[in-house]
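Residue-level structural notes
Listed below are the residues making up each chain.
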Amino acid sequence: MRTLGVSILGLTMALALNTSFAADDKAAGHDHHAQAFDQCAKACGDCARACDSCAHHCAHMLAQGKKEHLKTLQTCQDCASHCSAAACITARKGPFSDLICTACAEACARCGKECEKFPEDAHMKQCAQECRKCEKACREMLKHTGAASVRDK
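Residues numbered from 1 in each chain as written. Predicted model: local features only at pLDDT ≥ 70, side-chain atom pairs only at ≥ 80, totals over all residues. Heavy atoms only, no water.

1. Observations regarding the overall build of the chain
For the chain, the helix and strand inventory stands at 6 helices and 0 strands. Taking all 153 residues of the chain together, 37% fall into the buried category. Long-range contacts, defined as pairs at least 24 residues apart, comprise 71% of the intrachain contacts of the chain with a sequence gap of at least 6. By element, 60% of the accessible surface of the chain is carried by carbon and sulfur atoms, the whole surface being about 9500 Å². (Helix = DSSP H or I, 4+ residues; strand = E, 2+ residues; numbered from the N terminus. Buried < 20%, exposed > 50% of the residue type's maximum accessible area, 1.4 Å probe, protein only. Contact = heavy atoms within 4.5 Å. Areas by Shrake-Rupley, 256 points an atom, 1.4 Å probe, with all protein chains shown as cover.)

The structure is reproduced here in structure tokens:
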């Protein structure tokens, strides 16, 4: 029972601190900054799901003997992993958001390019579109991390 009480107290304190930080951010005009992180997290989550679905589609294509889908299968799997990590880190506005979004934007650019090699395939086309949206959201979010100014120095 004591452990439960300590856990609830810890959770209550964490929530209070988070609420306090959120109020401070809002008061300091950081709504746009937070919004960029949230939009990026959503785009990354959407892209991860699209890439996982597309990888499944590519596996079916491989099973039908279409060996040209091996690279897109692997590309979509790797992109989904990058996007999933980026969604988690940016959703919590983590200090490594710049690192993961730089990698995620590049993964999405590569995955989108691979999927665009099959323009007649609706599944691949949808994946490429989600990759482009995610890449754009990551690059936009990077403007809010200060990473660009650090690299320019």
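2. Some points on the environment of glutamine 129
Along the polypeptide, glutamine 129 turns up in helix H5 (residues 122-142). What makes glutamine 129 partly exposed here is its relative accessible area of 39%. Taking the C-alpha atoms as reference points, glutamine 129 and alanine 50, 79 residues apart in sequence, are found 9.4 Å from one another.

3. Focus on unusual backbone geometry
Leave glycine aside and you will find that most residues have negative phi; peptide bonds, for their part, are mostly trans. Even without being glycine, lysine 93 reaches a positive phi, approximately 55 degrees. By secondary structure assignment, the location of lysine 93 is in the loop between helix H3 (70-91) and helix H4 (97-115).

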